[in-house]
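Structural description and commentary
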Amino acid sequence: MNNDSSVATLADSLRTELRDLRPGARLPSSRTLVDRYRVSPVTVTRAIGLLAAEGLVVTRPGAGVYAADRPGPSAGPPDLGWQAVALGDRAVDAGAIGWLLKAPPDGVVPLSGGYLHADLQPARALAAAMGRAARRPRAWDMPPPSGLAQLRAWFARIAGPDVTPGDVTVTAGGQQSLSTVLRAVLAPGAPLLVESPTYPGALAVARMIGLQPVPVPIDGEGLRPGLLAEAFALTGARAVYCQPAFQNPTGAAMGAERRARVLDVARAAGAFVIEDDYARHLAIDAAPPPLVAQDADGRVVHIASPTKVVAPSLRVSAVIARGPVAERIRAAQLVTDFFPARPLQETLLDLVSSPGWARHVGAVRTALRARRDTLLAALAGELPQLAPSRPDGGVHLWTPLPGGADDTAAAEAALRAGVLVSAGRPFFPAEPPGPHLRLSYCSAASDGELVEGVRRLARVLDEP
């Protein structure tokens, strides 16, 4: 039994003992507990610490550990109805994000989710990097507000030859970056052009801060320049949000000509392009260069995040911008978040500076290629009526359903049948043109689990 489980087991046993003790009664000594439960003194100390944090015991140095006073019975649940009036009619809808972050129940195959399965994450390298980072002198001191200089330099190198470390602001994850950028660039009530379909987290953030998402349909290369120009003209919008590399949910990637045309349209509109480059390190084939690499006049605000190829809790990313908008973004982060935790910045810097970083990214690329092809083959065998996308990177397949199908009901039925998938409806900022499902191939434990997930999904979709 590992130490953490021993601590939890001992704490549970002591909670049971405490139910029979009156407040102020002394618990057995640490030595007695060591002998009785056959655990180490460290385990006893940690278990007592847990109980003290829960308010169940009081420790008195030199005297022992005592049962704490128990609060009296509550008179009843509090009346919280007054809050409805104080909060007003504005709501924050996290439903779509909650589904995307939903942990599958035991026995359910995850064909939803945007993070690598634990077996694909560099757990040992990450733990070693964090250990080294925590031992560095001044590891817990305040970092420079814009981020560690060497980490900013790394983000700049990834973005393109003309990007400098001075253009980079280190941030606390892609979602926080998106929130900071949108608050800095647009005023509440302003329109924001978005891909349709697009990442639901972008829609949720935009709506939370009072922006009005306006859909711009996409094709196999992302934003359609003609419709983008029309949307700018009709709305007077001053920004468009897009994911040029392996778009979520469709997997679309902008080619060189399309990237140039999108930038030309934004330039003519006097607007910013907010580039969410979340999947750069998830390329199966070569990733297209980022838009910011061909931006000559500070039009692109670039969000870069390595989280997807590492681990969900490594919440470190970067925003790359030039000119007054960069200063505003830095000021906005300083006001709302101060700065990302230095130990996490040091950990990421250590990880990406190590010889193992390139090996890890290469191993993930190989694994994602195999998983994508396995999922596509399983769908072709079990659900030949579907026509999923075949992305060159990212972690999702996007597939239309037959006309008249209800994708939300299908996703709920699939969950009951033991497979977690994502309905397409939340990915659209307005009415969807038809039902879709998003199927992920990164979160399952194995190729075999992917195949089993498709079998379960087929039983649901084949039902009359």
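In case you missed it, the structure is sitting above this.
These remarks concern the structure in this document. (Residues numbered from 1 in each chain as written. Predicted model: local features only at pLDDT ≥ 70, side-chain atom pairs only at ≥ 80, totals over all residues. Heavy atoms only, no water.)

**Section: the layout of surface pockets**
- There is about 670 Å³ of room inside the largest pocket.
- Secondary-structure elements contributing two or more residues to the lining of the largest pocket are α5 (95–100) and α8 (174–185).
- Tallied by class, residues from the lining of the largest pocket come to 15 nonpolar, 14 polar and 5 charged. (1 Å grid on protein atoms, 1.4 Å probe; cavity = no way out; pocket = protein on both sides within 12 Å on 5 of 7 lines; lining within 4 Å. Points joined across faces, edges and corners; volume = space filled by probe spheres on them. Helix = DSSP H or I, 4+ residues; strand = E, 2+ residues; numbered from the N terminus. Nonpolar A, V, L, I, M, F, W, Y, C, P; charged D, E, K, R; others polar.)

**What to know about the sheet that holds strand β12 (residues 396–400)**
- Read across the open sheet, the 3 strands follow the order β12-β15-β14; overall the sheet is antiparallel. Of all the strands in the sheet, the pair left with one neighbour each is β12 and β14 (422–423). (Pairing = 2+ DSSP bridges.)

**Describing the packing of aromatic side chains**
- For the structure on display, the rule yields 5 aromatic pairs.
- An angle of 65° between the planes, with centres 5.0 Å apart, marks the rings of Trp154 and Phe155 as edge-to-face.
- Judged by relative accessible area, Trp154 falls into the buried class, the value being 7%.
- The exposure class of Phe155 is buried, given its relative accessible area of 3%.
- A connected cluster of aromatic rings, assembled from ring pairs, spans Trp154, Phe155 and Trp357.
- The side chain of Lys308 reaches across the aromatic face of Tyr115, ending 4.1 Å from its centre. (Phe/Tyr/Trp six-rings, centres within 6.5 Å; stacked < 30°, edge-to-face > 60°. Buried < 20%, exposed > 50% of the residue type's maximum accessible area, 1.4 Å probe, protein only. Lys NZ or Arg CZ within 6 Å of the ring centre and 35° of its normal.)

**Some details on the packing of helix α7 (residues 149–159) against helix α13 (residues 342–352)**
- It is at 9 Å that the axes of α7 and α13 come closest, and there the two elements cross at 50°. Relative to α13, α7 is oriented oblique. When the axes of α7 and α13 are compared, the crossing they make is left-handed. For the pair α7 and α13, contact is made by Gln150, Leu151, Trp154 and Phe155 and by Gln345, Leu348, Leu349 and Val352, respectively. (Axes fitted to C-alpha atoms, helices over the stretch in contact; angles between N-to-C directions. Parallel < 35°, antiparallel > 145°, perpendicular 65-115°, else oblique. Left-handed = near helix turned anticlockwise from the far one by under 90°. Contact = heavy atoms within 4.5 Å.)

**Topic: unusual backbone geometry**
- Between Ser196 and Pro197 the backbone carries a cis peptide bond, its omega angle lying at 5°.
- Mapped onto the elements, Pro197 comes out in the loop between β5 (191–196) and α9 (200–208).
- A cis geometry characterises the amide bond from Asn248 onward to Pro249, with omega recorded as 20°.
- Along the chain, Pro249 falls in the loop between β8 (239–242) and α11 (256–269).
- Although it is not a glycine, Arg38 adopts a positive phi angle of roughly 55°.
- Despite not being glycine, Arg138 shows a phi value in the positive range, around 60°.
- A relative accessible area of 59% places Arg138 in the exposed class.

**A closer look at the pairing of strand β2 (residues 64–67)**
- Of the two faces of β2, the one carrying Gly64 and Tyr66 and the one carrying Val65 and Ala67 are both buried.
- What sits between the antiparallel neighbours strand β1 (residues 57–60) and β2 is a turn of 3 residues, in which Gly62 has the positive phi angle 85°.

**With respect to the sheet that holds strand β10 (residues 300–304)**
- Within the open sheet, the 8 strands sit side by side as β4-β11-β10-β9-β8-β5-β6-β7. Their pairing is mixed. Taken across any chain shown, the strands that pair with only one partner, and hence form the sheet edges, are β4 (168–171) and β7 (222–223).
- Running over the sheet, α7 touches β4, β10 and β11 (317–320) and is turned about 115° from β4.

**Quick notes on the side chain of Thr250**
- When you line up the elements, Thr250 lands in the loop between β8 and α11.
- Thr250 gets classed as buried once you look at its relative accessible area, which sits at 13%.
- Reaching out from Thr250, the side chain makes a polar contact with the side chain of Gln247 at a distance of 2.7 Å.
- With near-sequence residues (within four places) excluded, Thr250 lies in contact with Pro197, Ile218, Ser389 and Trp398. (Polar contact = N/O pair within 3.5 Å; in protein donor to acceptor, adjacent residues only side chain to side chain.)

**A look at the nonpolar core**
- Among the nonpolar cores identified, the biggest contains 84 residues, and Leu151, Leu193, Leu223, Leu228, Phe232, Leu368 and Val421 are the most heavily contacted of them.
- Among the elements that make up this core, the one with the highest residue count is helix α14 (residues 356–382) (9 residues).
- Residues within four places of Leu151 in sequence aside, it is in contact with Val170, Val316, Gln345, Leu348 and Leu349.
- The next biggest cluster of nonpolar side chains, apart from the first, holds 27 residues, and it includes Leu178, Ala184, Ala190 and Val205. (Core = buried A, V, L, I, M, F, W, Y, C linked by side-chain atoms within 4.5 Å.)

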